[in-house]
Amino acid sequence: MSQRPDPAAFPADFLFGAATAAYQIEGSTTAGGRGRSIWDTFSAIPGKIRDGDTGEVAADHYNRFRDDVKLMADLGLRSYRFSIAWPRIQPGGRGPVNQQGLDFYKQLVDELLANGIEPWVTLYHWDLPDELEQAGGWPARETAERFAEYADLTAGALSDRIRFWTTLNEPWCSAFLGYASGEHAPGRHDQAASIAAVHHLLLGHGLAVQALRGHGVEQAGLTVNLYPVTPVDDDPAVLDVARRIDGLQNRLFLDPVLKGAYPEDVRADLAPLTDFAFERPGDAETIATPIDVLGVNYYSRHRATVSAMPGVAQGGVAGPHGDPTAMGWEVDPTGLTEILVRIKDDYREIPIYVTENGSAYDDEVVDGAVHDVERTEYVASHVAACADAIEQGVPLKGYFLWSLLDNFEWAHGYAKRFGMVHVDYATQERTVKDSGRWYADFVRSHRDLQR
Ligand code: FCB
């Protein structure tokens, strides 16, 4: 075992938690008046999801949420990050609230609060109401306006009991995997549309933050997925690929939100695809509406090379160093410290929460236990990387393990397991993995220091 974190390195109010997302765990996709989302439609198309899996049952959390909250309480989690399914609140993406949908989240939140667990909500973790996709989806400006309306309705009902609000989860994925590579719902292959989607996602974020303010929300922000980008060598062509990947992956999102403008070099890179005609006066200011917290999802480091890869002009991402996870992702805790420090150095000292970090491995249940040595090592070393960032002056306030439960891993279906808790999909039995036990012990020892 390499580096083990010291609980005393984390401030007393540091939020240690776990994260999930609605479509990945809830199931019950037609219950309680829920409308159809782009993921229902996409996963019904043969060949899109491994083994033809869908989110119809998932981890059956919709029916088992009370047991799942009890499990979180037993594990000693201080916070739980979950997402609200927009089509449960507004089945067609517009119009009045579907009360049954809202009630589900009210009950979930009340159960969390009763167990002393801080609820952390994400409004959009990729499940766009299908009707809005039919009307143009994120490449259409109207979707940003509909999103703000949904944020307004939801905060109107839940801001009395939820402090932390995230607008979007990983807009990079929604825009580029959804509209350019087509690996994710809605599965479109239109590069120009994907850039318009970036803009309207960010615009929707800004408008939603304004709507949240109207309900007195004081902890609002968005979650981005960041990667340190390391060139494989110092060949000028490779350095330029690294600049481009960093631009599209990191700066295209951080700059408009934290600095008020898209990076000029990325605009120039994208000029062959789009003239940015979707921008209107005032949009830049809306996108840069002040936020209180920045959510960072971190999984791995990208290594830039010049070998041809789809999606990135004249270059791409090289293979991982060392033993990768079951996703093929390089394991590099130092990369987490690096991106956290970069936000402080290149942007500003905004409070940061690691809203996702975790790893998939091919787990086996043996005699009622899962001895996931590699995941335990992954979690411990990344929590230690958070301590390093704090030591370097980063205002890091929390860490959420991805994920509480094994779940529907998008295009990979149920084949990839990220949970600290194993789910047997045939019986829905939950088994805490060794990594989950390690994390629970660590969180408990942090809490005990406060006694
Ligand atoms: C992130 C997603 C999350 C999960 C992890 C593994 O990109 O936000 O839903 O799929 O990756």
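Our structure's up above, just so we're on the same page.
Only a predicted model underlies this, so the values are computations on that prediction, with no experimental measurement involved.

Caption draft 1: Looking closely at the pattern of salt bridges. Tallied over the full model, the rule gives 36 salt bridges. Notably, a salt bridge pairs aspartate 406 with arginine 417, separated by 2.6 Å at the nearest N-O pair. Separated by 11 residues along the polypeptide, aspartate 406 in the loop between strand E11 (396-402) and strand E12 (421-424) and arginine 417 in the loop between E11 and E12 bring together distant segments of the chain. When sorted by exposure, aspartate 406 lands in the same class as arginine 417, which is buried. Each member of the salt-bridge network shares a partner with another, and the members are Asp240, Arg243, Arg244, Asp246, Arg251, Asp265, Asp269, Arg342 and Asp346.

Caption draft 2: Representation of unusual backbone geometry within the structure. Omega for the bond connecting alanine 185 with proline 186 falls within 30 degrees of zero, at 5 degrees, which places this linkage in the cis form. Here tryptophan 402 and serine 403 are connected by a cis peptide whose omega angle stands at 10 degrees. Located in the positive-phi region is glutamate 170, a residue other than glycine, with phi close to 45 degrees. Positive phi values are uncommon outside glycine, yet tryptophan 410 reaches one of about 50 degrees.

Caption draft 3: Quick look at the packing of aromatic side chains. Using the criterion set out here, one finds 40 aromatic pairs in the structure. Taking 5.9 Å as the distance between ring centres and 70 degrees as the angle between the ring planes, the aromatic pair formed by tryptophan 138 and phenylalanine 147 counts as edge-to-face. The exposure class of tryptophan 138 is buried, given its relative accessible area of 1%. Taken together, a centroid distance of 5.7 Å and an interplanar angle of 55 degrees make the contact between tyrosine 262 and phenylalanine 276 tilted. Of the two residues, tyrosine 262 sits in the loop between helix H10 (236-258) and helix H11 (264-270) while phenylalanine 276 sits in the loop between H11 and helix H12 (283-287), which places them 14 residues apart along the sequence. For tyrosine 262, a relative accessible area of 7% translates into the label buried. Ring-pair connections join several aromatic residues into one group, and the members of that group are Tyr23, Trp39, Phe42, Trp126, Phe408, Trp410, Tyr414 and Tyr425. Lying over the aromatic face of phenylalanine 104, arginine 88 brings its terminal NZ or CZ to 5.9 Å of the ring centre. When the ring centre of phenylalanine 276 is taken as origin, the NZ or CZ atom of arginine 267, which lies over that ring, is 4.7 Å away.

Caption draft 4: Examining helix H3 (residues 61-75) more closely. Spanning 15 residues, H3 covers only 17 Å between terminal C-alpha atoms, well under the ideal 21 Å at 1.5 Å per step. Considering bend angle alone, the principal kink of H3 is centred on aspartate 67 and spans about 40 degrees. Within H3, burial applies to His61, Tyr62, Phe65, Asp68, Val69, Leu71, Met72 and Leu75. A positive backbone phi angle near 80 degrees is found at glycine 76, which sits one or two residues after H3.

Caption draft 5: The arrangement of the site of the ligand in detail. Around the ligand sit Gln24, His125, Trp126, Asn169, Glu170, Tyr299, Glu356, Trp402, Glu409, Trp410 and Phe418, and that is every residue in its neighbourhood. Between the ligand and the protein, one listed contact pairs an oxygen atom with a side-chain N or O atom of glutamine 24 at 2.8 Å. One nitrogen or oxygen atom from the side chain of tryptophan 410 is found 2.9 Å from an oxygen atom belonging to the ligand. Coverage of the ligand by the protein chains reaches 95% of its 290 Å² of free accessible surface. Across the shell around the ligand, the residue classes break down as 5 nonpolar, 3 polar and 3 charged.

Caption draft 6: How the structure looks around the environment of leucine 202. Inspection of the secondary structure assignment puts leucine 202 in helix H9 (residues 191-213). The exposure class assigned to leucine 202 is buried, which follows from its relative accessible area of 0%. Residues leucine 202 and arginine 213, spaced 11 residues apart in sequence, show a C-alpha to C-alpha distance of 17 Å. Those residues in contact with leucine 202 that sit more than four places away from it in its chain are Leu168, Leu222, Leu252, Phe253, Pro256, Val257, Tyr262 and Ile287.

Caption draft 7: Inspection of the packing of helix H8 (residues 171-179) against H9 at higher detail. Look at H8 against H9: their axes get within 8 Å of each other, and the N-to-C directions meet at 160 degrees. Judged by the inter-axis angle, H8 sits roughly antiparallel to H9. In terms of crossing hand, the pair formed by H8 and H9 is right-handed. Within the contact between the two elements, H8 uses Pro171, Ser174, Ala175, Phe176 and Tyr179 and H9 uses Gln191, Ser194, Ile195, Ala197, Val198 and Leu201. Split into classes, the residues belonging to the contact of H8 with H9 amount to 8 nonpolar, 3 polar and no charged.

Caption draft 8: The nonpolar core, seen in detail. Ranked by size, the top nonpolar core spans 120 residues in total, and within it Trp39, Phe82, Tyr105, Tyr124, Leu294, Tyr399 and Tyr439 carry the most contacts. Setting aside chain neighbours within four positions, we find phenylalanine 82 in contact with Thr20, Tyr105, Leu108, Val109, Leu112, Pro119, Trp120, Val121, Thr122 and Ile162.

Caption draft 9: The arrangement of the environment of histidine 382 in detail. Mapped onto the secondary structure, histidine 382 falls in helix H14 (residues 373-391). Overall, the relative accessible area of 0% leaves histidine 382 in the buried class. Looking at histidine 382, its side chain comes within polar contact range of the main-chain oxygen of tyrosine 378, at 2.7 Å.

Caption draft 10: Region of interest: the sheet that holds strand E8 (residues 302-305). Taking strand neighbours across the sheet as the criterion, the 3 strands line up as E6-E8-E9 in an open arrangement whose pairing is mixed. Either end of the sheet is taken by a strand with one partner, and the two such strands are strand E6 (229-231) and strand E9 (316-317). Relative to E8, E6 runs parallel, the two sharing 3 bridges. Bridge pairing links valine 229 to histidine 302 in E8.

Each value, and the rule that gives it
- Residues numbered from 1 in each chain as written.
- Predicted model: local features only at pLDDT ≥ 70, side-chain atom pairs only at ≥ 80, totals over all residues.
- Heavy atoms only, no water.
- Salt bridge = Lys/Arg side-chain N within 4 Å of Asp/Glu carboxyl O.
- Helix = DSSP H or I, 4+ residues; strand = E, 2+ residues; numbered from the N terminus.
- Buried < 20%, exposed > 50% of the residue type's maximum accessible area, 1.4 Å probe, protein only.
- Phe/Tyr/Trp six-rings, centres within 6.5 Å; stacked < 30°, edge-to-face > 60°.
- Lys NZ or Arg CZ within 6 Å of the ring centre and 35° of its normal.
- Expected span 1.5 Å × (residues − 1).
- Bend = angle between axes of the 7 residues up to and from the residue.
- Near = heavy atom within 4 Å.
- Polar contact = N/O pair within 3.5 Å; in protein donor to acceptor, adjacent residues only side chain to side chain.
- Areas by Shrake-Rupley, 256 points an atom, 1.4 Å probe, with all protein chains shown as cover.
- Nonpolar A, V, L, I, M, F, W, Y, C, P; charged D, E, K, R; others polar.
- Contact = heavy atoms within 4.5 Å.
- Axes fitted to C-alpha atoms, helices over the stretch in contact; angles between N-to-C directions.
- Parallel < 35°, antiparallel > 145°, perpendicular 65-115°, else oblique.
- Left-handed = near helix turned anticlockwise from the far one by under 90°.
- Core = buried A, V, L, I, M, F, W, Y, C linked by side-chain atoms within 4.5 Å.
- Pairing = 2+ DSSP bridges.

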